[in-house]
Amino acid sequence: MAAPILHFTSLSPTQPNNTETPRNEVSTTTFAPSLIPKCTSLKELKQIHAYTIKTHLQNDLTVLTKLINFCTNNPTKSSMDYAHHMFDQITQPDIVLFNTMARGYARFDNPLRAITLFSQVLSYGLLPDDYTFSSLLKACARVKALQEGKQLHCLSVKLGVSVNMYVCPTLINMYTACNDIDAARRVFDKIDEPCVVSYNAIITSHARNSQPNEALALFRELQETGLTPTDVTMLVALSSCALLGALDLGRWIHEYVKKNGFDQYVKVNTALIDMYAKCGSLDDAISVFREMRRKDTQAWSAMIVAYATHGDGPQAILMLGEMKKAKVQPDDITFLGILYACSHNGLVEEGYQFFHSMTHEYGIVPSVKHYGCMVDLLGRAGRLDEAYKFIDELPIKPTPILWRTLLSACTSHGNIEMGKQVIQRIFELDDSHGGDYVILSNLLAKSGRWDDVNFLRKMMMDKGAVKVPGCSSIEVNNVVHEFFSGDGVHSASTGLHHALDELVKELKLAGYVADTSLVFHADIQDEEKEIILRYHSEKLAITFGLLNTPPGTTIRVVKNLRVCADCHSAAKFISLIFGRQIILRDVQRFHHFKDGKCSCGDYW
């Protein structure tokens, strides 16, 4: 029989307790609890628990709380089951003990067991405190249990703790996790004097729900109140700038970060790299990275992704080599950046090698995003049959996004038959996405198959599917201006539209020809098609930049969809004629236009 891990032979549980404890011995009431923090496994804890039973401490709430606390600090199924077993043995548990259990379940794979246990505790007549609601609301947030969260919210109001400094942030986080941003905002707006934690919660809520303007407005409000922002505040403010492509504001926040010592945090520096990269300033991202004294996996990954999205695939791959030399372990995000770099630079064989090394050398299980990069890699290279087979043989159920990636490649390479096969696979999973109908109908229109186009467009209307309108934004003097495709087509001419009309005339003199084949309508003339192309959101934003920024300055534009081929061509001509660098971020990558050329090499 194996020897026990812990030995208690120096103490006898049957020794009379009416004599004074000798100096070289320790009281049984303090000895066992003192060992609990030294435990390294559940097996050791069970030995201590057994000893407490032998020494008649099994009903001591202080000892039981420490035992249960050990089980819930790093919860596993075994440790939580054992904690629950001990909890059930207590005839009169207090709320502190329940809070310990709830915290453990909130961190574990089955958070709603905390709610079940809470119902049991209420039947004992115990009243929850501030910490109770924090743990329970975190449990609801983890599994998006909105109804249970609302019930807890009602109970917190009934007990008068709904505006408590511990409860409010977790209420906001719970509603955010359950995608009820309006409820989260109502909770915040009812707080008379919000603390910085509540501000962080609501700013994060808006940022995660793609409302960066609202997030940044709250960031400014926080500063006006005199509260001191935290590193969490900086992270969310920088991510909001990244979403907007607001470089000037991002630079101001960077100065604030340096002035207030937030640059000591690796995560804040990583967020700065991400912000600069997404705002189109790769040089600033590189500068932040080089100045970092300590670089973790996330920082290296952010830099690799930055190079990849800006089209510098070879440098992204070199960075992976430097990362290995620095003995920093790559993670799933690192390889996402590497695969993305391979995809956008046509490095098919290299992409396969990195994909296999990710799994075989580093033991990283591919996610849907990794599979998507591989499909994109093969699709861009024209290896459509290979891409189809790759999706079909995946160890997971393919998502609509994977098939959409292939559908986009079918359009690029004019493969109608495979496009029709792919859209059937998409419709089996989701037939409500307007973009799918548009992509295939455009492919069919290119071949003049107007009967098929009309059938598909009618089907789209019947399903209620709607195409997402193109939108481009540009930041000028710390204000972000948005433009939508079609603005000006049917409206009276404005200064901006007149300037764009004149710009197009100048481009034509330099050799620009509008690609009317991109407008897929059989019943309109080329002149009308040209007007539709002229008022695309990218051209409106670039024209606004030309009018409102000094000559020679870089124009940075963010678009919500893939840049169209005609706008891509026009941007090259504008960069040549006006001597401007134009950095355009679309949904897939960055395009750096300079001297009539684009960094993508027309491979996008």
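Quantities reported herein were computed from a predicted structural model and do not represent experimental measurements.

(A) Expanded view of the environment of A184. For A184, the position within the fold is in helix α10 (residues 181-189). For the pair A184 and C564, spaced 380 residues apart in the sequence, the C-alpha separation amounts to 38 Å. Discounting residues that sit within four places of it in the chain, A184 has contacts with I172, Y175, T176, I202 and S205.

(B) Layout of the packing of aromatic side chains. Per the counting criterion, the structure on display carries 14 aromatic pairs. Seen from their ring centres, F289 and W300 are 5.0 Å apart, and the 80 degrees between their planes marks the pair as edge-to-face. Of this pair, F289 sits in helix α16 (residues 282-291) while W300 sits in helix α17 (residues 297-309), placing them eleven residues apart in sequence. Accessibility assignment for this pair places F289 and W300 in one class, buried. Between Y512 and F573, the ring centres sit 6.2 Å apart and the planes meet at 70 degrees, which makes this aromatic pair edge-to-face. Note that Y512 is positioned in the loop between α27 (495-509) and α28 (526-534) and F573 in helix α30 (residues 565-578), a separation of 61 residues in sequence. Exposure remark for F573: the relative accessible area of 19% places this residue in the buried category.

(C) Here's a closer look at helix α29 (residues 537-548). The first and last C-alpha atoms of α29 sit 16 Å apart over twelve residues, in line with the 16 Å expected at 1.5 Å per residue. Most of α29 is tucked away, with ten of its twelve residues classed as buried.

(D) Local environment of the pairing of strand β1 (residues 471-476). Counting buried residues along β1, six of its six residues qualify, which places the element largely inside the surrounding structure. Here β1 shows two buried faces, one formed by C471, S473 and E475 and the other by S472, I474 and V476. In the sheet, β1 pairs with strand β2 (residues 479-484) via six bridges, with the strands oriented antiparallel. Note on β2: the bridge partner recorded for V476 is V479. If you look at the hairpin formed by β1 and β2, you'll find two residues sitting between the two strands, and N477 has a positive phi there, around 55 degrees.

(E) A look at the environment of F118. Counting through the fold element by element, F118 comes out in helix α6 (residues 113-123). The buried category is assigned to F118, whose relative accessible area is 5%. For the pair F118 and M101, spaced 17 residues apart in the sequence, the C-alpha separation amounts to 9.6 Å. Excluding its chain neighbours within four sequence positions, the residues that come into contact with F118 are F98, P128, T132, L136, L152 and L155.

Rules used throughout
Residues numbered from 1 in each chain as written. Predicted model: local features only at pLDDT ≥ 70, side-chain atom pairs only at ≥ 80, totals over all residues. Heavy atoms only, no water. Helix = DSSP H or I, 4+ residues; strand = E, 2+ residues; numbered from the N terminus. Contact = heavy atoms within 4.5 Å. Phe/Tyr/Trp six-rings, centres within 6.5 Å; stacked < 30°, edge-to-face > 60°. Buried < 20%, exposed > 50% of the residue type's maximum accessible area, 1.4 Å probe, protein only. Expected span 1.5 Å × (residues − 1). Pairing = 2+ DSSP bridges.

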